[in-house]
Amino acid sequence: MENKKARFLIGLSMKAGKIASGEFAVEKAVKQGTAHLVILAEDASGNTEKKFRNMCSYYRVPLVRFLDKESLGAAIGRDYRACAAVLEEHLAEEIRQRLEEQQQQ
């Protein structure tokens, strides 16, 4: 089941200008320390997943799998996206909590 609240918060983050989307922008945000959460599409390629898991682990940025590429892109008002980074700490934490609640159910 899709987590509508988390999806809404991702869209809200985009409207607030607190989302970096696309592989290059997300990589830059993680390496600069501005990313507080990386959202990786569930259907992202194995290479993309490995790249971002390793990077997020090294830079200590939480990473979650959520939505597919098309839905993730739609949530932020763009074409399909394999990944996005939330640049605002409180929004990132709220999204992460919503997704963790969904996994526990």
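Higher on the page you've got the structure.
Summary of the structure given here. (Residues numbered from 1 in each chain as written. Predicted model: local features only at pLDDT ≥ 70, side-chain atom pairs only at ≥ 80, totals over all residues. Heavy atoms only, no water.)

Re the nonpolar core
Then, in step 1: The biggest cluster of nonpolar side chains holds 20 residues, and the ones touching the most others in it are Ile-10, Ile-19, Leu-37, Ile-39, Phe-66, Val-86 and Ile-95.
Then, in step 2: Those elements that provide at least two residues to this core are α1 (4–15), β2 (37–40), α4 (69–75), β4 (83–86) and α5 (89–104).
Then, in step 3: Discounting chain neighbours no more than four positions away, the residues touching Ile-39 are Ile-10, Val-64, Phe-66, Leu-72, Ala-82, Cys-83, Ala-84 and Val-86.
Then, in step 4: Formed by 16 residues, the second largest nonpolar core is a distinct cluster that contains Val-26, Leu-40, Ala-44 and Cys-56. (Core = buried A, V, L, I, M, F, W, Y, C linked by side-chain atoms within 4.5 Å. Buried < 20%, exposed > 50% of the residue type's maximum accessible area, 1.4 Å probe, protein only. Helix = DSSP H or I, 4+ residues; strand = E, 2+ residues; numbered from the N terminus. Contact = heavy atoms within 4.5 Å.)

Some words on the environment of Phe-66
Then, in step 1: Looking at the element boundaries, Phe-66 is found in the loop between β3 (63–65) and α4.
Then, in step 2: Judged by relative accessible area, which is 5%, Phe-66 ranks as buried.
Then, in step 3: Setting aside residues no more than four positions away along its own chain, Phe-66 makes contact with Asn-3, Ala-6, Arg-7, Ile-10, Ile-39, Leu-40, Ala-41, Glu-42, Leu-99 and Gln-102.

Focus: the side chain of Asn-3
Then, in step 1: Note on placement: Asn-3 falls in the segment before α1.
Then, in step 2: A polar atom in the side chain of Asn-3 sits 3.1 Å from the backbone nitrogen of Ala-6.
Then, in step 3: If sequence neighbours within four positions are ignored, Asn-3 has contacts with Phe-66, Arg-98, Leu-99 and Gln-102. (Polar contact = N/O pair within 3.5 Å; in protein donor to acceptor, adjacent residues only side chain to side chain.)

Describing the layout of surface pockets
Then, in step 1: Each pocket or cavity is described by its volume, and for the largest pocket that value is around 220 Å³.
Then, in step 2: In this structure, the largest pocket is lined by 13 residues; those nearest its centre are Val-64, Arg-65, Phe-66, Leu-99 and Gln-103.
Then, in step 3: No other element matches α5, which puts 5 residues into the lining of the largest pocket.
Then, in step 4: When grouped by side-chain class, the residues that make up the lining of the largest pocket number 6 nonpolar, 2 polar and 5 charged. (1 Å grid on protein atoms, 1.4 Å probe; cavity = no way out; pocket = protein on both sides within 12 Å on 5 of 7 lines; lining within 4 Å. Points joined across faces, edges and corners; volume = space filled by probe spheres on them. Nonpolar A, V, L, I, M, F, W, Y, C, P; charged D, E, K, R; others polar.)

Topic: the sheet that holds strand β1 (residues 19–21)
Then, in step 1: The strand order across the open sheet built from 4 strands is β1-β4-β2-β3, with neighbouring strands paired in mixed fashion. With partners counted over all chains shown, the strands left at the sheet margins are β1 and β3, one partner each. This sheet shows a mean twist of 20° between the axes of neighbouring strands, independent of strand direction.
Then, in step 2: Bridge count for β2 against β4 is 4 bridges, and the pairing is antiparallel. If you follow Ile-39 over to β4, its bridge partner there is Ala-84. (Pairing = 2+ DSSP bridges. Axes fitted to C-alpha atoms, helices over the stretch in contact; angles between N-to-C directions.)

Some points on the pattern of salt bridges
Then, in step 1: Taken as a whole and assessed by the stated rule, the structure comprises 9 salt bridges.
Then, in step 2: The partner of Lys-51 in a salt bridge is Glu-27, with the nearest N and O atoms 3.2 Å apart. With Lys-51 in helix α3 (residues 46–59) and Glu-27 in helix α2 (residues 23–32), the pair connects residues that are 24 residues apart, well separated along the chain.
Then, in step 3: The class of Lys-51 is partly exposed, set by a relative accessible area of 30%.
Then, in step 4: Given the relative accessible area of 18%, Glu-27 is considered buried. (Salt bridge = Lys/Arg side-chain N within 4 Å of Asp/Glu carboxyl O.)

Geometric descriptors of this kind do not, in isolation, establish any biological role.
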